[in-house]
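Geometric and topological summary
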Amino acid sequence: MTVAAGNFDRTYVASLTVGNDKEKEQHIIVGRSIFPLNAWVKNETLIYNKTLSKCDSLELLSQAPRAIIVCDDTGFLNDQMRAISGVTNLAGAIFVSKDPSRVDLESMSCPGVLISTMELATVIDYIKSSDNPIGAIKFRQTVTGKDVAPSVAGYTSRGPSPNCPAILKPDVMAPGSLVLASWIPNGSTALVGKNMLLTSEGFNLISGTSMACPHASGVAAMLRGVHPEWSHAAIRSAMMTTAAQLDSSMMPIKDFGLNYTAASPLAMGAGHMMPNKAMDPGLVYDATPQEYVSLLCSMNFTRNQIMTITRSNEYDCANSSSLDLNYPSFVAFYDKNVTTGAMLTHKFRRVVTNVGAATASYEVKVAPPVGVKVAVWPQRLVFGKKNEQRDYFVEITYGSDGEGMVSHGSIVWVEESGKHTVRSPIVVAPTSSAGSVWMHV
């Protein structure tokens, strides 16, 4: 499986208090922070001025008094944090973003907190109204359910796969940002200031697809335990066809890497995996080892290269060679340099296996990509027993839009009882490999 990394609804925060209990005016603001020390910045002077508050000059910052400095939203948060970390005279910093929930915080080497521009106005008003503005920051707190989640992390790799774009990648998305995970004993985990490395107490906050992959591996292992008779392909299929495409606000999952617009399957695959639903998917798309060998054959691998992958001489290319692997997704490419209006047709065959009730009937619902025609036949699949298989065919008719845009939709098999919905994404995307095997229709 190929797993995309997502953000989830656990937020690490710090409490910013402006004012003290002796003053009439006191505000507590909960901002984002992953400063690693369990510490307080207590009763320090708050400063804000246009000369210092760009927070990008080591020379100017080193001349500032000991205080909590308020930094303007310059759009260069990481540069500001590095600058604050490079001086020792500042007690802490308040960073600002229009929408802190959309910022991928991966590290914080200085005692800082990230707040919104609306909250900044409260802080500045207090500073201007007080003769001795005081602030405090308390770190290492956790809240859940505050942010809309999941969303695609900005750093995660996107498809299509350069090696085999005919198979849609990634497959699913799993939690990957700021995951609290076991870590090398006594290994460094975080940088504080310019040169102080913190050592591990057995855990660390890490972001990456390396964190998303263990989540998916754990779900696959769970499914293997529940269904020991399932193949690896069936397990992956169950995870893909039951994945979610909506976030906690019931809106399409957003992509941090594309200005928080709706994510495409090239970013999140079939969607955010849902382990409980994957235990009972209704239908699965299975695939045999020979089908994978046929895929390798169609990619012009030599016999020796295929044996390196399969570790067996039991398989060869004599029987078949096909890019159309029985996969729970569909992808079709066009050459963006082709004249707009030139139409292509891509045909697929898929086989689904009934792993639900002994008898079941499914009807297809198609949500075609914009400007694309999708035909599916038959439109109804009837199963008389468990593990029975049925095949169906898909024809996608599409063309270049002249702009190289990616469009996506879905094919969903809905059980007539309403118990199961089996969803497969469709992607139509540009490629520079016009005329190659990937453009075969």
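The paragraphs below set out a description of the structure included in this document. Everything quoted here is computed from the prediction, not taken from an experiment. (Residues numbered from 1 in each chain as written. Predicted model: local features only at pLDDT ≥ 70, side-chain atom pairs only at ≥ 80, totals over all residues. Heavy atoms only, no water.)

Description of helix α4 (residues 209-226)
Spanning 18 residues, α4 covers 26 Å between terminal C-alpha atoms, matching the ideal 26 Å at 1.5 Å per step. Next to the buried residues of α4 lie β1 (3-7), β10 (172-175), β11 (179-182), β14 (203-206), α5 (232-241) and α7 (275-278). (Helix = DSSP H or I, 4+ residues; strand = E, 2+ residues; numbered from the N terminus. Expected span 1.5 Å × (residues − 1). Contact = heavy atoms within 4.5 Å.)

Comments concerning the nonpolar core
In terms of nonpolar packing, the biggest core is built from 47 residues, with Leu16, Ile69, Ile84, Ile94, Phe95, Ile115 and Val123 touching the most fellow members. Listing elements by their share of this core, those giving two or more residues are β2 (10-18), β4 (40-47), β5 (68-70), α2 (77-85), β6 (92-97), β7 (112-116), α3 (117-129) and β8 (134-144). For this core, the element with the most residues is α3, which contributes five residues. Leave out the neighbours within four places in its chain, and Ile115 touches Leu16, Ile29, Gly31, Ile94, Phe95, Val96, Ser97, Pro100, Leu120 and Val123. Of all hydrophobic cores here, the second largest spans 24 residues; its members include Ala360, Val394, Ile396 and Trp413. (Core = buried A, V, L, I, M, F, W, Y, C linked by side-chain atoms within 4.5 Å. Buried < 20%, exposed > 50% of the residue type's maximum accessible area, 1.4 Å probe, protein only.)

Structural notes on the packing of aromatic side chains
The tally for this structure, following the rule as stated, stands at seven aromatic pairs. Between Phe256 and Tyr260, the ring centres sit 5.4 Å apart and the planes meet at 75 degrees, which makes this aromatic pair edge-to-face. Grouping residues by exposure puts Phe256 and Tyr260 together as buried. Every member of this aromatic cluster is reached through a ring pair, and the members are Tyr285, Tyr392 and Trp413. Positioned above the aromatic ring of Trp40 is the side chain of Lys42, whose terminal nitrogen or guanidinium carbon lies 5.4 Å from the ring centre. (Phe/Tyr/Trp six-rings, centres within 6.5 Å; stacked < 30°, edge-to-face > 60°. Lys NZ or Arg CZ within 6 Å of the ring centre and 35° of its normal.)

Focus: the sheet that holds strand β24 (residues 407-415)
Overall, mixed pairing links the five strands, which are arranged β18-β25-β24-β20-β22 in an open sheet. Single-partner strands in this sheet number two, and they are β18 (330-335) and β22 (380-383). Across the sheet, the mean angle separating the axes of adjacent strands is 20 degrees when strand polarity is ignored. In this sheet, strand β25 (residues 421-431) lies alongside β24 in antiparallel orientation, the contact comprising eight bridges. Along β25, the bridge assignment pairs Ile411 with Ser424. (Pairing = 2+ DSSP bridges. Axes fitted to C-alpha atoms, helices over the stretch in contact; angles between N-to-C directions.)

Regarding the packing of helix α8 (residues 289-298) against helix α9 (residues 303-310)
Where α8 contacts α9, the axes come no closer than 10 Å and their chain directions differ by 145 degrees. Crossing of α8 over α9 shows right-handed handedness. Together, Val293, Leu296 and Cys297 of α8 and Ile306, Ile309 and Thr310 of α9 make up the contact between the two elements. Across the contact of α8 with α9, the residue classes tally to five nonpolar, one polar and no charged. (Left-handed = near helix turned anticlockwise from the far one by under 90°. Nonpolar A, V, L, I, M, F, W, Y, C, P; charged D, E, K, R; others polar.)

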